[in-house]
Amino acid sequence: MSGHFAALDAADFPAFEPGTVWLVGAGPGAPGLISLLGYHALGQADAIVYDALVSERLLALANPRAERLYAGKRGGKPSEKQADITLRLIELAGQGKRVCRLKGGDPFMFGRGAEEAMALAARGIPFRIVPGISAGLGGLAYAGIPVTHRDTNHAVIFLTGHDETGAVPASVDWAAIATAAPVIVMFMAVKHLASIAARLLAAGRDPADRVAIVSNAALGHQQVLEATLATLDTLPADIPTPAIVVLGPVSQYRGALDWYVGPHRGAALG
Ligand code: SAH
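Residues numbered from 1 in each chain as written. Predicted model: local features only at pLDDT ≥ 70, side-chain atom pairs only at ≥ 80, totals over all residues. Heavy atoms only, no water.

It is worth spelling out the site of the ligand at this point. Surveying the vicinity of the ligand reveals 17 residues, the closest of which are P28, D106, M109, A135 and A243. Contact distances for the ligand include 2.7 Å between a nitrogen atom and a backbone N or O atom of M109. Against a free-state accessible area of 540 Å², the protein chains account for coverage of 91% of the ligand. Partitioning the shell around the ligand into residue classes produces 12 nonpolar, four polar and one charged. (Near = heavy atom within 4 Å. Polar contact = N/O pair within 3.5 Å; in protein donor to acceptor, adjacent residues only side chain to side chain. Areas by Shrake-Rupley, 256 points an atom, 1.4 Å probe, with all protein chains shown as cover. Nonpolar A, V, L, I, M, F, W, Y, C, P; charged D, E, K, R; others polar.)

Right, dumping it as structure tokens:
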């Protein structure tokens, strides 16, 4: 470690041992949103297996000698099978490499990080989880939306809009979640938004409830769309993805808190 990081010792930055895998959260987009430990991992890795949502600008900070392996998985597009990605991690670790598995947001938030870690654990491959800033938290912050405010909500639900088959998850108790918390943060929800909204409305959710959709959060082309649960059909058909959908009153604070806009945006990327 150099510069400011020299003050941090080995206990803060454990050695990235050969033959181990670190599952690192890259954050939602802007490279500055990776953790110090994640940055440390990028610098030491021999192999970096990264997702579609990881920014090129972040990869530019990695060890230039590291092997870079794309393991993109995006809804609706052909992509490498999860089993193949996991196998690749196992093989690379078996070759004695320091393997950085770089995932968008937080590795344990709807990112299959747990599945990958379970496979490593089952084979006795040492691994470390380096948490990241989830798009469901940091992405909203970049749109001036606090995920909680004392005046509006004491609970939050994180929901995924589709399961492994690509359909709206059948295991979700829609009636229960519709009224369980004032704020529902939805990942991968754009495609099925109309049907999710219909389920929530049928279960008693207020049609006047606010909806904000943050596309490409913390990226230069971030865009925010707003509607209510009842007026979703007024939104454009081609909402850019990736996008986080937030249902509930917290997007009302955007009017005052939308700091990441206009001419300041370039300087605000982080
Ligand atoms: N582990 C990730 C989520 C993986 S699921 C995390 O913690 O953020 C992928 C979904 O995350 C996308 O479909 C989208 O809903 C959301 N997402 C990730 N990056 C995003 C970004 N920059 N802007 C908006 N949504 C994003």
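From this point on, the discussion continues.
Our focus in this paragraph is the sheet that holds strand β8 (residues 210-215). Think of a sheet as strands paired side by side through backbone hydrogen bonds, with each pair either parallel or antiparallel. Judged by pairing direction, the sheet is mixed, and its five strands sit side by side in the order β6-β7-β10-β8-β9 without closing on themselves. Strands at the two margins of the open sheet, each flanked by one partner only, are β6 (156-160) and β9 (223-228). Each strand axis lies, on average, 20 degrees off the axis of its neighbour in the sheet, ignoring direction. Pairing of β6 with strand β7 (residues 183-187), which is carried by five bridges, proceeds in the parallel orientation. From the neighbouring strand, T160 faces β7, where its bridge partner is F187. Helix α7 (residues 193-202) contacts β6, β7, β8 and β10 (243-247) of the sheet and is inclined by roughly 155 degrees relative to β7. (Pairing = 2+ DSSP bridges. Helix = DSSP H or I, 4+ residues; strand = E, 2+ residues; numbered from the N terminus. Axes fitted to C-alpha atoms, helices over the stretch in contact; angles between N-to-C directions. Contact = heavy atoms within 4.5 Å.)

The next thing to look at is the environment of D106. Relative to the elements of secondary structure, D106 occurs in the loop between β4 (99-103) and α4 (113-122). With 113 residues separating them in the primary sequence, D106 and L219 have C-alpha atoms 17 Å apart. When residues no more than four places from it in sequence are discounted, the contact partners of D106 are P131, G132, I133 and S134.

A common measure of how large an interface is: the accessible area buried when the components associate. Parsing the protein chain into structural domains produces domain 1 (5-133) and domain 2 (136-257). At the interface, nine residues of domain 1 touch 13 residues of domain 2. Taking both sides of the interface into account, the surface hidden between domain 1 and domain 2 amounts to around 930 Å²; carbon and sulfur atoms contribute 75%. Inspection of the domain 1/domain 2 interface yields zero salt bridges. Viewed at the interface, domain 2 and domain 1 are joined by one residue pair in polar contact (both at pLDDT 80 or more). Its residues placed into classes, the side of domain 1 that touches domain 2 shows seven nonpolar, one polar and one charged. (Domains from an automatic or database assignment. Buried area = accessible area lost by both parts, 1.4 Å probe. Salt bridge = Lys/Arg side-chain N within 4 Å of Asp/Glu carboxyl O.)

On to the packing of aromatic side chains, then. Counted under the stated rule, the structure contains seven aromatic pairs. Residues F16 and W22 carry aromatic rings whose centres are separated by 4.3 Å and whose planes lie at 15 degrees to one another, so their mutual orientation is stacked. Each member of the pair, F16 as well as W22, carries the same accessibility label: buried. Look at W259 and Y260: their rings are 5.4 Å apart centre to centre, the planes differ by 50 degrees, and that puts the pair in the tilted class. Stacked on the ring of W22, the Lys or Arg R128 has its end atom at 5.2 Å from the ring centre. (Phe/Tyr/Trp six-rings, centres within 6.5 Å; stacked < 30°, edge-to-face > 60°. Buried < 20%, exposed > 50% of the residue type's maximum accessible area, 1.4 Å probe, protein only. Lys NZ or Arg CZ within 6 Å of the ring centre and 35° of its normal.)

Time to look at the pairing of β10. The element β10 is extensively covered by neighbouring structure, given that five of its five residues are classed as buried. Of the strand pairs in this sheet, β7 and β10 are connected by three bridges, and their pairing is antiparallel. Directly across from M186, in β10, lies its bridge partner V245. Where β8 and β10 come together, five bridges link them in antiparallel fashion.

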